[in-house]
Amino acid sequence: MLAELRKHVPTGVRTERAAFEDLRPGERYGLVYAAAALHWTKPEGRWSRMAELLEPGGVFASFGGPVQLADPAVQEAVRAARAPFLESDDVPSPDGTPPENDMQWPGTELQRSEWFTGVQQSVIERRLTMSARDYVGHLTTISAYLVLPPPVQEQVFSKIMQVLPGTVEISADVIVHLARRRYEP
């Protein structure tokens, strides 16, 4: 993703590739963003650490959202194939925010944080068609599957491939959260 970003920003834009916890303390940025990875960061001190990385007035941006099969019949077939291995492959909200809430995580935490203001949430609707193989490739990046032992991963992906048509339509809305670092906490 970083390589793709670098293709589309001016050459003067400096980027850093590092784990959140490994970014150099004391260095500040005008923008810090997380793309479908923020839930992997440690909750303790997440927002104070994020604030340390941002210049006062800097922006934190988060991009993520569920990728779901659009066809309910295909969705049910995949659920049944997955059931012996996983009850669900949903990524639950880290703070327990219900899916029907207007503001979703991490916006809910950002709103409560003393470090951030002007929290905004937007949804970019996307519908895509992809091959069954590409869809299963996507599943290999999902937390629920990543924590399974490799032999179990192979089994569940094989079972899912067996029930998928050659191509699948997916709903892949992107939920964008923006928040500005307060000048004074």
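Note that the structure is predicted; figures quoted are calculated from it, not measured. (Residues numbered from 1 in each chain as written. Predicted model: local features only at pLDDT ≥ 70, side-chain atom pairs only at ≥ 80, totals over all residues. Heavy atoms only, no water.)

Trainee: Describe the overall build of the protein chain, with residues and values.
Mentor: Broken down by element type, the protein chain carries seven helices and seven strands. Referenced to the eigenvectors of the C-alpha coordinate spread, the extents of the protein chain come out at roughly 55 × 35 × 30 Å. Counting the 185 residues in the protein chain, one finds 36% classified as buried. Sequence separation of 24 or more characterises 78% of the internal contacts of the protein chain that already satisfy a separation of 6 or more. Total accessible area on the protein chain stands at roughly 11300 Å², and carbon and sulfur atoms take up 53% of it. The average position of the 19 basic charges and that of the 24 acidic charges among the side chains of the protein chain differ by 6 Å. (Helix = DSSP H or I, 4+ residues; strand = E, 2+ residues; numbered from the N terminus. Buried < 20%, exposed > 50% of the residue type's maximum accessible area, 1.4 Å probe, protein only. Contact = heavy atoms within 4.5 Å. Areas by Shrake-Rupley, 256 points an atom, 1.4 Å probe, with all protein chains shown as cover. Lys, Arg positive; Asp, Glu negative; His and termini not counted. Charge placed at Lys NZ, Arg CZ, Asp CG, Glu CD.)

Trainee: Account for the pattern of salt bridges, with residues named and values stated.
Mentor: Taken as a whole, this structure holds seven salt bridges when the rule is applied. For glutamate 4, the salt bridge is made with lysine 7, and the minimal N-O distance between the two is 3.2 Å. With a gap of three residues between them, glutamate 4 and lysine 7 both fall in helix α1 (residues 2-8), about one helical turn apart. Look at glutamate 4 and you get partly exposed, because its relative accessible area is 41%. Residues glutamate 109 and arginine 46 are paired through a salt bridge, measuring 2.9 Å at the closest nitrogen-oxygen approach. Taken together, the residues glutamate 109 in helix α4 (residues 107-112) and arginine 46 in helix α2 (residues 46-53) connect sequence positions 63 residues apart. Each member of the pair, glutamate 109 as well as arginine 46, carries the same accessibility label: buried. (Salt bridge = Lys/Arg side-chain N within 4 Å of Asp/Glu carboxyl O.)

Trainee: Account for helix α7 (residues 150-163), with residues named and values stated.
Mentor: With 14 residues, α7 extends 21 Å from end C-alpha to end C-alpha; this agrees with the ideal 20 Å at 1.5 Å per step. Buried within α7 are the following residues: Gln153, Val156, Phe157 and Ile160. All buried residues of α7 project into a common sector of 100° when viewed along the axis, lining one side. Residues of α7 that are exposed and angled more than 90 degrees away from the buried face: Pro151, Glu154 and Gln162. Looking at the buried positions of α7, the neighbouring elements they touch are α3 (72-82), α5 (132-139) and α6 (143-146). (Expected span 1.5 Å × (residues − 1). Arc of directions from axis to C-beta.)

Trainee: Explain the packing of aromatic side chains to me, and be specific about the residues and the numbers.
Mentor: For the structure on display, the rule yields five aromatic pairs. Between tyrosine 33 and phenylalanine 63, the ring centres sit 5.8 Å apart and the planes meet at 75°, which makes this aromatic pair edge-to-face. Here tyrosine 33 is found in strand β1 (residues 29-35), whereas its partner phenylalanine 63 is found in strand β2 (residues 54-64), with 30 residues between them in sequence. Tyrosine 33 sits in the partly exposed class, given a relative accessible area of 35%. Assessed through its relative accessible area of 31%, phenylalanine 63 is described here as partly exposed. An aromatic cluster of three or more residues is present, and its members are Trp47, Phe60 and Phe116. (Phe/Tyr/Trp six-rings, centres within 6.5 Å; stacked < 30°, edge-to-face > 60°.)

Trainee: Pulling in residues and values, what's your account of the nonpolar core?
Mentor: Residues Tyr135, Tyr145, Ile160, Leu164 and Val168 are the most contacted members of the largest nonpolar core, which totals 21 residues. With sequence-adjacent residues up to four places away left out, valine 168 is seen in contact with Leu69, Val74, Leu128, Thr129, Met130, Ser131 and Tyr135. (Core = buried A, V, L, I, M, F, W, Y, C linked by side-chain atoms within 4.5 Å.)

Trainee: Tell me what's going on with unusual backbone geometry, and back it up with residues and numbers.
Mentor: In this chain, tryptophan 105 is followed by proline 106 through a cis amide linkage whose omega measures 10°. In this fold, proline 106 is placed in the loop between α3 and α4.

Trainee: So what's going on with the environment of alanine 80? Residues and values would help.
Mentor: Residue position: alanine 80 is located in helix α3. For the pair alanine 80 and lysine 159, spaced 79 residues apart in sequence, the C-alpha to C-alpha distance is 9.4 Å.

Trainee: Could you give an account of the pairing of β1, naming the residues involved and the relevant values?
Mentor: Within a regular strand, side chains alternate between the sheet's two faces. Bridge analysis of β1 against β2 gives six bridges, and the strand direction is parallel. Within β2, the residue paired with alanine 35 across the bridge is phenylalanine 63. (Pairing = 2+ DSSP bridges.)

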